[in-house]
Amino acid sequence: MNKLLPIIYVIIWISIIFLTPKEVFYSGEGIMRWIIYGGIFLLLPYLLFKSLELTSFSKKTRKGIAYLSIFLGIPFGLWLNVYSENELKENGKITYGIIEKAWLIIRKSRTDVWSVKAKYIVGDKTFHTSTKENPEKTLFIGDTIRIKYSEKTPQISEIIELKNK
């Protein structure tokens, strides 16, 4: 079984990157997204640790490598960001949305920030933006705003009024 672990590790990464529908990452809600992130930050480091038992590395080294693998989530997040920017550039359409939630996020070590979430309709389906920071506190519940969304993956969106701030 241990000899299969490196293969399983690679298969899971390939599945997350290439086979998981993009709308899962950009939906802003749903359990599937949390399962994926749990896989990246919990399951994959564990599988890597167990896979490294096949090597002559000490247990301390194997643990260190497994802990460091958590940082693979950073380039993955950057890749998702680049992907969404390209998607909006190539397939972007504009619609109107409404701010449905506005609140102050209280942070312990950084400045508190006003944040908003909006809903918008594409076709006959309602979508929601992820939480967006609005430091100038210019948007409030009920405000009509413009949203740029991907025609291919409508879950990918940005609030135009917050884009250049």
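Provided above is the structure to which this section pertains.
A few points on the structure. Note that the structure is predicted; figures quoted are calculated from it, not measured.

Thresholds applied
- Residues numbered from 1 in each chain as written.
- Predicted model: local features only at pLDDT ≥ 70, side-chain atom pairs only at ≥ 80, totals over all residues.
- Heavy atoms only, no water.
- Core = buried A, V, L, I, M, F, W, Y, C linked by side-chain atoms within 4.5 Å.
- Buried < 20%, exposed > 50% of the residue type's maximum accessible area, 1.4 Å probe, protein only.
- Helix = DSSP H or I, 4+ residues; strand = E, 2+ residues; numbered from the N terminus.
- Contact = heavy atoms within 4.5 Å.
- Salt bridge = Lys/Arg side-chain N within 4 Å of Asp/Glu carboxyl O.
- Phe/Tyr/Trp six-rings, centres within 6.5 Å; stacked < 30°, edge-to-face > 60°.
- Lys NZ or Arg CZ within 6 Å of the ring centre and 35° of its normal.

Observations concerning the nonpolar core
In this structure, Ile16, Phe25, Ile40 and Phe76 are the most contacted members of the largest nonpolar core, which totals 17 residues. Secondary-structure elements contributing two or more residues to this core are α1 (5–19), α2 (22–26), α3 (31–51) and α5 (73–91). For this core, the element with the most residues is α3, which contributes five residues. Contact partners of Ile40, with chain neighbours within four places excluded, come to Trp13, Ile16, Pro45, Gly73 and Phe76. Val116, Ala118, Leu139 and Ile147 belong to the second-largest nonpolar core, a separate cluster that totals 14 residues.

A look at the pattern of salt bridges
One pass over the full model with this rule turns up four salt bridges. Salt-bridge contacts for Arg107 lead to Glu133; the nearest nitrogen and oxygen are separated by 2.4 Å. With Arg107 in the loop between β1 (92–105) and β2 (113–122) and Glu133 in strand β4 (residues 132–133), the pair connects residues that are 26 residues apart, well separated along the chain. Between Arg146 and Glu161 there is a salt bridge whose closest N-O contact spans 3.3 Å. Of this pair, Arg146 sits in strand β5 (residues 144–150) while Glu161 sits in helix α6 (residues 160–163), placing them 15 residues apart in sequence. Note on Arg146: relative accessible area 35%, which makes it partly exposed.

Brief notes about the packing of aromatic side chains
The geometry of an aromatic ring pair is captured by the separation of the ring centres together with the interplanar angle, meaning the angle of the planes. In the structure shown here, the tally under the stated rule is nine aromatic pairs. Ring plane angle 65 degrees and centroid distance 6.3 Å describe the contact between Trp34 and Tyr37, whose orientation is recorded as edge-to-face. On the criterion of helical spacing, the pair formed by Trp34 and Tyr37 is a turn pair, its members being three residues apart in helix α3. Measuring from ring centre to ring centre gives 5.8 Å for Tyr120 and Phe127, while their planes differ by 25 degrees; the resulting arrangement is stacked. For the residue pair Tyr120 and Phe127, the accessibility class agrees, reading buried in each case. Put simply, the rings of Trp13, Phe25, Trp34, Tyr37, Phe76, Trp79 and Tyr83 touch in pairs and so form one group of aromatic residues. The ring of Trp114 carries Lys137 above its face, with NZ or CZ at 4.3 Å from the centroid.

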